[in-house]
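Summary of the model geometry
The lines below spell out each chain.
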Amino acid sequence: MNGKEKKEQNKGGRKPKANRSIHRYVFRLTDEENAKFLTFFEQSGMKVMAHFITACIFQKPVKTVKIDMDAVDFHTRLTNFYSQFRAVGVNYNQIVKILYRNFSEKKASAYLFKLEKQTAEMADLCRKVIELTQEFEKEHLQKHK
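With that settled, the discussion passes to the overall build of the protein chain. Looking only at helices and strands, the protein chain has 4 helices and 0 strands in total. Of the regular secondary structure in the protein chain, the N- to C-terminal order runs α-α-α-α. Here the protein chain, with 145 residues, has 8% of them falling under the buried criterion. Restricting to contacts in the protein chain with at least 6 residues of sequence separation, those with at least 24 account for 27%. Here the protein chain has roughly 14500 Å² of accessible surface; of this, 55% comes from carbon and sulfur atoms.

The full count for this structure, using the stated rule, is 3 aromatic pairs. Residues Phe37 and Phe52 carry aromatic rings whose centres are separated by 5.6 Å and whose planes lie at 55° to one another, so their mutual orientation is tilted. Of the two residues, Phe37 is situated in helix H1 (residues 31-44) and Phe52 in helix H2 (residues 49-57); the sequence distance between them amounts to 15 residues. Judged by its relative accessible area of 17%, Phe37 falls in the buried class. Centroid distance Phe41 to Phe52: 5.5 Å. Interplanar angle 65°. Geometry classified as edge-to-face.

One water molecule sets the probe size; rolling that probe over the atoms shows where empty space is left. Approximately 420 Å³ is the volume found for the largest pocket. If you trace the largest pocket, you find it lined by Arg20, Ser21, Ile22, His23, Arg24, Tyr25, Phe27, Ala50, Ile53, Thr54, Ile57 and Phe58. Partitioned by chemical class, the residues of the lining of the largest pocket number 7 nonpolar, 3 polar and 2 charged.

Looking now at the environment of Val88. Turning to its location among the elements, Val88 is positioned in helix H3 (residues 69-102). Residue Val88 is classed as partly exposed on the basis of its relative accessible area of 35%. Along the sequence, Val88 and Thr119 sit 31 residues apart, while their C-alpha atoms lie 9.8 Å from each other.

A few words on the pattern of salt bridges. Once their charged atoms are close, side chains differing in charge can pair, the charge on each being opposite to the other. Throughout the structure, instances matching the rule amount to 2 salt bridges. When the shortest N-O distance is used, the salt bridge between Asp73 and Arg77 registers 3.2 Å. With Asp73 and Arg77 both in helix H3 and 4 residues apart, the pair spans about one turn of that helix. Asp124 is the salt-bridge partner of Arg127, the closest N and O atoms lying 2.5 Å from each other. Here Asp124 and Arg127 lie together in helix H4 (residues 105-141), a separation of 3 residues that amounts to about one turn.

Where nonpolar side chains cluster on the molecular surface, the patch consists of Ile67, Met69 and Val72 and spans about 310 Å² of accessible area. Along the polypeptide, Met69 turns up in helix H3. Assessed through its relative accessible area of 54%, Met69 is described here as exposed.

This part takes up the packing of H1 against H2. Helix-helix packing is described using two parameters, namely the angle between the two axes and the distance between the axes. Viewed as axis vectors pointing N to C, H1 and H2 meet at an angle of 100°, and their least axial separation amounts to 11 Å. Taken together, the axes of H1 and H2 lie roughly perpendicular to each other. Every residue of H2 that contacts H1 at Phe37, Leu38, Phe40, Phe41 and Ser44 is listed here: Met49, Phe52 and Ile53. Classifying every residue of the contact of H1 with H2 gives 7 nonpolar, 1 polar and no charged.

Basis of the calculations
- As a convention, each chain's residues are numbered from 1 in the sequence order in which they are written.
- A pLDDT threshold of at least 70 governs which residues receive local features in this predicted model, and a stricter bar of 80 or more applies before side-chain atom pairs are shown or counted, although totals over entire chains, interfaces and linings include all residues.
- As a rule here, side-chain values cover all heavy atoms of the structure and leave hydrogens and water aside.
- The helix and strand labels rest on DSSP assignments: H or I over at least four residues marks a helix, E over at least two residues marks a strand, and numbering proceeds from the N terminus.
- Each residue gets one of three labels from its accessible area relative to the maximum for its type: buried under 20%, exposed over 50%, partly exposed in between, using a 1.4 Å probe on protein chains only.
- Residues are treated as being in contact if the distance between any of their heavy atoms lies within 4.5 Å.
- The Shrake-Rupley method, run with a 1.4 Å probe sphere, supplies the accessible areas, and residue values consider only the shown protein chains as cover.
- Each aromatic pair joins two rings of Phe, Tyr and Trp (for Trp, the six-membered one) with centres within 6.5 Å, and gets the label stacked for planes under 30 degrees apart, edge-to-face for over 60, and tilted for any other angle.
- Each cavity reported here is a set of points on a 1 Å grid over the protein atoms alone in which a 1.4 Å probe fits but cannot get out, each pocket an open set with protein on both sides within 12 Å along at least five of seven lines, and each lining residue one with an atom within 4 Å of a point.
- Grid points are joined across faces, edges and corners, and a volume is the space filled by probe spheres set on the points.
- Polar here means any residue outside two lists: the nonpolar Ala, Val, Leu, Ile, Met, Phe, Trp, Tyr, Cys and Pro, and the charged Asp, Glu, Lys and Arg; Gly therefore counts as polar.
- Here, a salt bridge means any side-chain nitrogen of Lys or Arg that lies within 4 Å of a carboxyl oxygen of Asp or Glu.
- Like-charged residues are merged into a patch within 9 Å and nonpolar side chains (Val, Leu, Ile, Met, Phe, Trp, Tyr) within 5 Å, provided each residue has over 30% relative accessible area and no salt bridge.
- In this analysis an axis means a line fitted to C-alpha atoms, helices contributing only their contacting stretch, and an angle means the value between N-to-C directions, from 0 to 180 degrees.
- Orientation is classified from the angle alone, with under 35 degrees giving roughly parallel, over 145 giving roughly antiparallel, 65 to 115 giving roughly perpendicular, and any other angle giving oblique.

Structure, rendered in structure tokens:
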């Protein structure tokens, strides 16, 4: 074998970086400053503290995400209420079919009249829920610019 044909042997390990970070700075914080710093770090959602510090020093944008658990709970309950409301609509159709199938025309009409009254009350309740939802969205869920 010629020297040209020999391949360089792999020494193993990680390939060296082109631009290594070799400069190190140390600073100290008081208890209050440290608590404030940790609060900012947690709000940023970053996983590496060194990346957070460099982002702060060089004024890179730091994103913070706040989750309003009350809004999440409200949305969950509203979704459950809506699914129950839809189930009532399905049951309503089934009741109307059963009434006309099992009762006379006169008796079925009387029961339907009572059912219409309850439906009107439920529609009013639905309007109130929609108004409350819109009010909640305006006050709590709209992004502040």
